[in-house]
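# Observations on chain architecture
Each chain, letter by letter, is given below.
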Amino acid sequence: MRDYLLTLCVTAAVTYLLTGPVRKFAIATGAMPEIRARDVHREPTPRLGGIAMFFGLCAGLLVAAHLQNLGSVFELSNEPRALLSGAALIWLIGVLDDKFELDALIKLGAQMISAGVMVAQGLTILWLPIPGIGTVALTPGQGTLLTVALVVLTINAVNFVDGLDGLAAGMVCIAAAAFFLYAYRLWYGYTIEAAAPATLFAAILMGMCLGFLPHNMHPARIFMGDSGSMLIGLILAASAISITGQVDPDILRLFEGSTREATHAALPVFIPLLLPLTIIAIPMADLVLAIVRRTWKGQSPFAADRGHLHHRLLEIGHSHSRAVLIMYFWSALIAFGTLAYSVHSTSMWIVLGVVALSAIGLVLLLLPRFRPRAPRWAESVVPPRYRRRKPAPAAEAEPETAPGTAAEPAAVREDERVPVPAGINGATAIGNRARFTDRRKAGTPS
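Now for a look at the structure at hand. Because the structure is predicted, anything quoted here is derived from the model rather than measured. (Residues numbered from 1 in each chain as written. Predicted model: local features only at pLDDT ≥ 70, side-chain atom pairs only at ≥ 80, totals over all residues. Heavy atoms only, no water.)

### Some details on the overall build of the chain
Applicable threshold: Strands are runs of DSSP state E lasting at least two residues, helices are runs of H or I lasting at least four, and both sets are numbered from the N terminus onward. Only protein chains enter the accessibility calculation, which uses a 1.4 Å probe; a residue whose area is less than 20% of its type maximum is buried, one above 50% is exposed, and one in between is partly exposed. Note on contacts: a residue pair qualifies if any of its non-hydrogen atoms lie within 4.5 Å across the two residues. Surface accessibility in these figures is a Shrake-Rupley result with a 1.4 Å probe; residues are shielded only by whichever protein chains are displayed.
When helices and strands are tallied, the chain shows 15 helices and two strands. For the chain, buried positions account for 46% of its 446 residues. Sequence-distant contacts in the chain: of pairs separated by 6 or more residues, those separated by 24 or more amount to 74%. In the structure as shown, the chain presents an accessible area of about 22,300 Å², 65% of it carried by carbon and sulfur atoms.

Next comes the structure, spelled out in structure tokens:
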């Protein structure tokens, strides 16, 4: 566990430290697209954040290769090299798309080629454990098609959900955390060495997201772009493929004698058959709804619009930060609920807990304009937006003004100032951003 934590911290540190220089590079190269009708940010923001995330991936793999307990993963398996090859290809296509806006079909072809590169180096689904039937061996053609389909679906699901500041990185980090706990349990609890690569991939993915999130939280100073969203989607899919199709089900013959009975009894242990879909259930549902919606309107499935789930949360009255937190909540509920079921499938408390938390989530959705207020004694330590407003004295008379002159505008509270978008050249994106107007008249004392 210490080696995994060290790899995670190194990946997060490299990603965090490189994001600042990458942001300046993106501004210098003009990777700051104009604000589109479907965008929710108010000022041009540089992209290419995936560059820092990719170098964080490289640093994590390099450190892991030189650790005593993780070095065997590179000696006994070719999966880390397969992941790096596919990630480099999809990252390069993403960088070009962030700068030159590539066609959707070109990106789709690149995603399939990246998946094919990983398959050619051994990172593919070899068999499937099916309850009631047992282990089903796949032909090379079937394994390739299933692997490519899972990679493409996961990449596009993560790419579709990347619409709010910090949303994609946070949701993938939650999914990676749940997957890491599951894979580590298989590797350490059941001594299954084949689960070690998936555990390493999940730890590195968590580090990439955690290192990038401080720069990407609202208001974001940089976006990951397609170079980042497609990259983390591919790593998430590679982790699922590694542990689903590479772990031999016969190793888990723990309950009965036959493979068929063992697979059925060990269903909670083989939850990765569904876990890759459940941990990204929210992005996947958004992807399916977007395809149906656009096809119904006669549009291309890849045409951009404002009908995503996070856009709908904003339309019903949720703030930007609140919409992101709600998406985090549902992702964590599904991911960790599935993880808990894989550990204790017979516990009724898990079902009741998921139902109770789902009810809380629905209440949060129905209260879009609710703003909690801190008690009087805590107002000095909470942000201004959570403090109670003091009513103006009724007896206070307005100052008289001379005829023909305009009255001095009232003082503007700190939390009521209006945000001002940056200039078209992105000048405020380089240094400290002046986000609010100064409503004092010229010449008045400060």
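### As for a nonpolar patch on the surface
Condition: Put simply, a patch holds well-exposed residues, over 30% relative accessible area, that have no salt bridge, with like charges counted together within 9 Å and Val, Leu, Ile, Met, Phe, Trp or Tyr side chains within 5 Å. Note on definitions: salt bridges are taken to be side-chain nitrogens of Lys or Arg within 4 Å of carboxyl oxygens of Asp or Glu.
A surface patch of nonpolar side chains, amounting to about 570 Å² of accessible area, comprises Met348, Trp349, Val351, Leu352 and Val355. Note that Met348 resides in helix α15 (residues 348-366). A relative accessible area of 54% means that Met348 is categorised as exposed.

### Considerations on the environment of Thr11
Mapped onto the secondary structure, Thr11 falls in helix α1 (residues 2-28). Placed 50 residues apart in sequence, Thr11 and Leu61 show a C-alpha to C-alpha distance of 8.6 Å. In contact with Thr11, other than residues within four places in its own chain, are Gly56, Leu57, Gly60, Ile204, Gly207 and Met208.

### Details of unusual backbone geometry
Across the junction of His218 and Pro219, the peptide omega takes the value -5°, indicating a cis bond. In this structure, Pro219 sits in the loop between α8 (196-216) and α9 (225-245). With phi around 70°, Leu48 is a residue other than glycine that occupies positive phi space. If you trace the backbone, Leu48 turns up in the loop between α1 and α2 (50-65). Note on Leu48: relative accessible area 3%, which makes it buried. Although it is not a glycine, Glu101 adopts a positive phi angle of roughly 55°. Position of Glu101 relative to the elements: it lies in the loop between α4 (79-100) and α5 (104-120).

### Thoughts on the packing of α1 against α2
Stated formally: Angles shown run from 0 to 180 degrees and are taken between the N-to-C directions of axes, each axis being a line fitted to C-alpha atoms and, for helices, limited to the stretch in contact. Each angle receives one of four descriptions, namely roughly parallel if under 35 degrees, roughly antiparallel if over 145, roughly perpendicular if within 65 to 115, and oblique otherwise. Two helices that cross are described as forming a left-handed crossing if the nearer one is turned anticlockwise from the farther one by less than a right angle, and a right-handed crossing if clockwise.
Running from amino to carboxyl end, α1 crosses α2 at an angle of 150°, the nearest separation of the two axes being 7 Å. One way to sum up the angle between α1 and α2 is to call them roughly antiparallel. Every pair of crossing elements has a handedness; the one defined by α1 and α2 is right-handed. Seen from α1, the contacting residues are Thr7, Val10, Thr11, Val14, Thr15, Leu18, Thr19, Val22 and Phe25; seen from α2, they are Ile51, Ala52, Met53, Phe55, Gly56, Leu57, Ala59, Gly60, Val63 and Ala64.

### Focus on the packing of aromatic side chains
We count it as follows: Centres within 6.5 Å make a pair out of two Phe, Tyr or Trp rings, where for Trp the six-membered ring is used; the pair is then stacked when the planes are under 30 degrees apart, edge-to-face when over 60, and tilted otherwise.
In total, this model carries seven aromatic pairs according to the counting rule given. Pairing Phe55 with Trp91 gives two aromatic rings, centres 6.3 Å apart and planes at 80°, and the pair type is edge-to-face. Of this pair, Phe55 sits in helix α2 while Trp91 sits in helix α4, placing them 36 residues apart in sequence. Relative accessible area serves as the criterion here: at 16%, Trp91 is assigned to the buried category. Where Phe329 meets Trp330, the ring centres are 5.6 Å apart and the plane angle is 80°; that geometry is what we call edge-to-face. Members of the aromatic cluster, joined through ring pairs, are Tyr4, Phe180 and Tyr184.

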